[in-house]
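Below, each chain spelled out in residue letters.
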Amino acid sequence: GIQVEQSPPDLILQEGANSTLRCNFSDSVNNLQWFHQNPWGQLINLFYIPSGTKQNGRLSATTVATERYSLLYISSSQTTDSGVYFCAVVGTTDSWGKLQFGAGTQVVVTP
Amino acid sequence: DAGITQSPRHKVTETGTPVTLRCHQTENHRYMYWYRQDPGHGLRLIHYSYGVKDTDKGEVSDGYSVSRSKTEDFLLTLESATSSQTSVYFCAISEATGKETQYFGPGTRLLVL
């Protein structure tokens, strides 16, 4: 099946800093989503971005499908940005939309 | 956010007992999924449904069964709970398979003693 690798595994930021999270995937995809899992365990949709660039407030994402990677940018980080960020994909050969998750990037934003 | 609820939100049960988790959606989406999240394994698909009474197995389906008698409800049953099924269970919905956003419910924390 499709492999999803996220880097870095851990990230410690001071409030106000910018950061970039990376997601590499091993095959063509129909779907790529970024999620934020907050400290209460809730999975929050950030972006649906199988290709192109999107922005939502301080967050933006870019997926270069031909090179099989996606980047999530966090600007002016806040303590509420802490949590785990997951990248998940659906491969083009998957008939039923199974999301394959990466291992996540644990982000800690300190005051 | 999509209208997805899961019940119960927390459950403690004993080994060998049956357990049913419920996922309810108000979006009228055709596709529904059950995932489990475990440390070191991320989220893995248990079962999915592509319509009323249409379900199939995911990658970690052993020990689980599902049913979908109405569009809005997708039930996950642990026939005889084991300690290895202690996990956080998430339900997800999607309007179309594979090419649309999947939205996740709040999760159910299950502890099997």
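Nothing here was measured: the structure is a model prediction, and the numbers come from that model.

A contiguous nonpolar surface patch, about 290 Å² in accessible area, is contributed by V12, L111 and L113 of chain B. Topologically, L113 of chain B is positioned in the segment after strand 11 (108–112).

All names here are of chain A. Spatially, the 5 strands line up as an open sheet ordered 1-3-8-7-6, and their pairing is antiparallel. Looking at the sheet topology across the chains shown, the edges are occupied by strand 1 (4–7) and strand 6 (52–56). In this sheet, adjacent strand axes meet at a mean angle of 15 degrees when their direction is disregarded. Sheet topology note: the strand 7 (residues 59–64)/strand 8 (residues 69–74) ladder contains 6 bridges and is antiparallel. The residue of strand 8 that forms the bridge with L59 is I74.

As a further point, take the interface of chain B and chain A. Taken together, the contact between chain B and chain A spans 19 residues of the former and 19 residues of the latter. For the pair chain B and chain A, the two sides together bury roughly 1,700 Å², of which 56% comes from carbon and sulfur. Joining chain B to chain A, the criterion identifies 1 salt bridge. Linking E59 of chain B and K98 of chain A is a salt bridge whose minimum nitrogen-to-oxygen distance equals 3.7 Å. Every element with two or more residues in the side of chain B that touches chain A is listed here: strand 4 (31–38), strand 5 (42–51) and strand 10 (103–104) of chain B. Here the side of chain B that touches chain A is built from residues that sort into 10 nonpolar, 5 polar and 4 charged.

Right, let's get into the state of the cysteines. Disulfides are covalent bonds that link the sulfur atoms of two cysteine residues. Residues and elements named next belong to chain A. In the structure shown here, the tally under the stated rule is 2 disulfides over all chains. Disulfide pairing places C23 opposite C87 at an S-S distance of 2.0 Å. Since a negative S-S torsion denotes a left-handed disulfide, the C23-C87 link at about -60 degrees is left-handed. In this pair, C23 is assigned in strand 3 (residues 19–25) and C87 in strand 9 (residues 83–91), connecting sequence segments 64 residues apart.

Looking now at the packing of aromatic side chains. What the rule picks out here adds up to 12 aromatic pairs over all chains. Arranged with centres 5.9 Å apart and planes meeting at 85 degrees, the rings of F101 of chain A and F104 of chain B form a pair that is edge-to-face. Pair noted here: F101 of chain A is in strand 10 (residues 100–101) and F104 of chain B is in strand 10, and the two residues belong to different chains. Among the residues examined, F104 of chain B registers a relative accessible area of 9% and is labelled buried. Taking the centre distance of 6.5 Å and the plane angle of 35 degrees together, the rings of Y33 of chain B and Y48 of chain B count as tilted. On the criterion of sequence distance, the pair formed by Y33 of chain B in strand 4 and Y48 of chain B in strand 5 is long-range, its members being 15 residues apart. With relative accessibility at 0%, the residue Y33 of chain B sits in the buried group.

Cut-offs used in this document
Residues numbered from 1 in each chain as written. Chains lettered and ligands numbered in written order. Predicted model: local features only at pLDDT ≥ 70, side-chain atom pairs only at ≥ 80, totals over all residues. Heavy atoms only, no water. Patch = residues over 30% accessible without salt bridge, like charges linked within 9 Å, V, L, I, M, F, W, Y side chains within 5 Å. Areas by Shrake-Rupley, 256 points an atom, 1.4 Å probe, with all protein chains shown as cover. Salt bridge = Lys/Arg side-chain N within 4 Å of Asp/Glu carboxyl O. Helix = DSSP H or I, 4+ residues; strand = E, 2+ residues; numbered from the N terminus. Pairing = 2+ DSSP bridges. Axes fitted to C-alpha atoms, helices over the stretch in contact; angles between N-to-C directions. Contact = heavy atoms within 4.5 Å. Buried area = accessible area lost by both parts, 1.4 Å probe. Nonpolar A, V, L, I, M, F, W, Y, C, P; charged D, E, K, R; others polar. Disulfide = S-S within 2.5 Å. Phe/Tyr/Trp six-rings, centres within 6.5 Å; stacked < 30°, edge-to-face > 60°. Buried < 20%, exposed > 50% of the residue type's maximum accessible area, 1.4 Å probe, protein only.

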